[in-house]
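# Report on the structure
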Amino acid sequence: MSAKREYEVVIIGGGPAGLTAGIYAARARLKSLLVEKGAAGGWIINAGVVENYPGFPDGVNGLELADAMQRQAVKFGLEMLTAEVNGIGLKGEQKILKTSEGDITARAVIVAGGSDRVKLGVPGEEEFTGRGVAYCAVCDGYFYRDVPVAVVGGGNAAMNEALELTKFASRVYVIHRRGELRATKILQERAFADKKIEFLWETVVEAIEGQDKVKRLRLKNVKTGKKSSLDISGVFVAVGFRPNTGYLKNMVALEDNGTIITNEKMETNVPGILAAGDIRSSSIRQVAAAVGDGAVAAVYAERYLAGK
Amino acid sequence: MSKPVAVSDSDFDQIVLQSKTPVLVDFWAAWCGPCRMVAPVVEELAGEYAGKITMAKLNVDENPKTASQYSIMSIPTLLIFKKGAPVSNIVGFRPKAELKKTIDAVL
């Protein structure tokens, strides 16, 4: 691991944005490496079926789509490394990536590290994680057959979780702090039409309680202040995402919410550092958008390397 | 190069609980994306920790008895067994360096 590793382009993150950047960079015959902390695929590997990515009228399994993108990128010569990136430093125009597998030097970097689920931050959440508190319905729905569960959140992720859970659970409560959903209309229509799903509007979770396993939620109506409790066996948290930019704070310009500020060429304020996908400010968090970002970032990385 | 061994409801007692060395069991299922992130890490660790700790994989879909016995409700979950009892419980994907710390603490 001590060998000197130098690349023209290093891509951080193996989701749709990173893999697409990899396809374009490799086809441009740039010496390219993609660094991913786990398996390639990004968030879609948690998603079950992806229904809105063009070219798949019957939907496509997220895992299969991720696999296909990875095979396509590797076929053209993209190198892959399993490692976690902990920081980026500059040495002249060179970028030095500090990783769990040692330092890597790049002339251009494309940051495509996506985002992770935000936690609720209420008492009981940490304690019962894996014992009733969950973050992936596709993974864990199976363990909640014929029991009532709750989903917290009102966006696309929350509706996808709720609809997935109707395959297993006896009842699915959706707990949302607002009086209406942010989720896309087709998901709202499906959720409203599902007899297993019940909505608890303008309600927040104050605590998760149980013994060994989750037994109930302590709730509060934000309008009336009225408190209540809800007996459930599982609670799936889908209240939002946080970009994985902790290690970039003093490196590139970020929005207050931690996303990376870019121009329309996917360039950050640092020459030769670009960003793509969900990690980028104003991202719409869709595979189709991430793929577009990845292509744009790779093309402008190539132009940067060629001296514009 | 040591590889993770597949265990089932029928041989769990013999391979995991009766083991002289500690055993890390990766509870997984085919439909679980994050399980795919954990698998290659466990595979690498199997080589690095050969002889010190056995790496095992249990498919929860095919082996519901063991999964429910240890109250598995989220996958991936990694349980480390020592002398027949679970001593460490890791839920969800963790980077390799963090897993190594957890394993080293138990050995």
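Residues numbered from 1 in each chain as written. Chains lettered and ligands numbered in written order. Predicted model: local features only at pLDDT ≥ 70, side-chain atom pairs only at ≥ 80, totals over all residues. Heavy atoms only, no water.

What follows covers the overall build of chain B. Across its full length, chain B holds 4 helices and 5 strands. Reading the helices (α) and strands (β) of chain B from amino to carboxyl end gives β-α-β-α-β-α-β-β-α. Relative to its length of 107 residues, chain B is compact, with a C-alpha radius of gyration of 12 Å against a globular reference of 13 Å. C-alpha atoms of chain B, sized along the principal axes, occupy 30 × 30 × 25 Å. Excluding contacts between residues fewer than 6 apart, the proportion of contacts in chain B whose partners are at least 24 apart in sequence is 72%. Accessible surface, chain B as shown: approximately 4900 Å² in total, 52% of it carbon and sulfur. One way to put it: in chain B the 12 positive side-chain charges average out to a point 7 Å from where the 11 negative ones average out. (Helix = DSSP H or I, 4+ residues; strand = E, 2+ residues; numbered from the N terminus. Rg over C-alpha atoms; globule rule 2.2 N^0.38 Å. Contact = heavy atoms within 4.5 Å. Areas by Shrake-Rupley, 256 points an atom, 1.4 Å probe, with all protein chains shown as cover. Lys, Arg positive; Asp, Glu negative; His and termini not counted. Charge placed at Lys NZ, Arg CZ, Asp CG, Glu CD.)

Attention shifts here to the domain arrangement of chain A. Residue and element names in this part refer to chain A. Taken domain by domain, chain A comprises domain 1 (4-116 + 241-305) and domain 2 (119-237). A straight line from the C-alpha centre of domain 1 to that of domain 2 covers 32 Å. If you look at the interface, domain 1 gives 6 residues, while domain 2 gives 5 residues. Of the roughly 380 Å² buried where domain 1 meets domain 2, counting both sides, 48% is carbon and sulfur surface. In this structure, the salt-bridge partner of E51 is R190, at a minimum N-O distance of 3.1 Å. The tally of links from domain 1 across to domain 2 stands at 1 residue pair in polar contact (both at pLDDT 80 or more). Across the side of domain 1 that touches domain 2, the residue classes break down as 2 nonpolar, 3 polar and 1 charged. (Domains from an automatic or database assignment. Buried area = accessible area lost by both parts, 1.4 Å probe. Salt bridge = Lys/Arg side-chain N within 4 Å of Asp/Glu carboxyl O. Polar contact = N/O pair within 3.5 Å; in protein donor to acceptor, adjacent residues only side chain to side chain. Nonpolar A, V, L, I, M, F, W, Y, C, P; charged D, E, K, R; others polar.)

Residue and element names in this part refer to chain A. Residue position: W43 is located in the loop between β2 (32-36) and β3 (49-50). It is 9.7 Å that separates the C-alpha atoms of W43 and R117, two residues lying 74 residues apart in sequence. For W43, the contacting residues outside a window of four places in its chain are S115, R117 and F241.

Residues I110 and V287 of chain A together with L24, M55 and I103 of chain B are the most contacted members of the largest nonpolar core, which totals 54 residues. When contributions to this core are tallied by element, the ones reaching two or more residues are β1 (6-12), α1 (16-27), α2 (62-75), β8 (102-111) and α6 (287-305) of chain A together with α2 (33-48), β4 (77-82) and α4 (96-106) of chain B. For this core, the leading source of residues is α6 of chain A, giving 8 residues. Ignoring anything within four residues of it in the chain, the contact list for V287 of chain A reads P16, I44, V50, Y53, L65 and M69 of chain A. Formed by 48 residues, the second largest nonpolar core is a distinct cluster that contains V138 and V174 of chain A together with I75 and L79 of chain B. (Core = buried A, V, L, I, M, F, W, Y, C linked by side-chain atoms within 4.5 Å. Buried < 20%, exposed > 50% of the residue type's maximum accessible area, 1.4 Å probe, protein only.)

With 8 of 10 residues buried, helix α4 (residues 156-165) of chain A lies mostly within the body of the structure. Within α4 of chain A the residues assigned to the buried category are A157, A158, M159, E161, A162, L163, E164 and L165 of chain A.

Let's shift gears to the sheet that holds strand β11 (residues 148-152) of chain A. Residues and elements named next belong to chain A. The strand order across the open sheet formed by 5 strands is β10-β17-β11-β12-β13, and the pairing between neighbours is parallel. Two strands bound the open sheet, and with one partner strand each, they are β10 (133-134) and β13 (197-200). Alignment of β11 against strand β12 (residues 171-175), held across 5 bridges, turns out to be parallel. When the bridges of β12 are listed, V152 appears paired with I175. Along the sheet, α4 contacts β11, β12, β13 and β17 (234-237); its crossing angle with β11, the most-contacted strand, is approximately 170°. (Pairing = 2+ DSSP bridges. Axes fitted to C-alpha atoms, helices over the stretch in contact; angles between N-to-C directions.)

Time to look at the interface of chain A and chain B. Taken together, the contact between chain A and chain B spans 24 residues of the former and 19 residues of the latter. The contact between chain A and chain B buries some 1900 Å² in all, and 64% of this surface belongs to carbon and sulfur atoms. Looking at the side of chain A facing chain B, the largest losses of area belong to L63, Y142 and F143 of chain A, adding up to 28% of the total buried there. The tally of links from chain A across to chain B stands at 1 salt bridge. Where D67 of chain A meets R36 of chain B, a salt bridge forms, and the shortest distance between an N and an O atom there is 2.9 Å. If you look at where chain A meets chain B, you find 6 residue pairs in polar contact (both at pLDDT 80 or more). For the side of chain A that touches chain B, the secondary-structure elements that each account for two or more residues are α2, β10 and α3 (137-140) of chain A.

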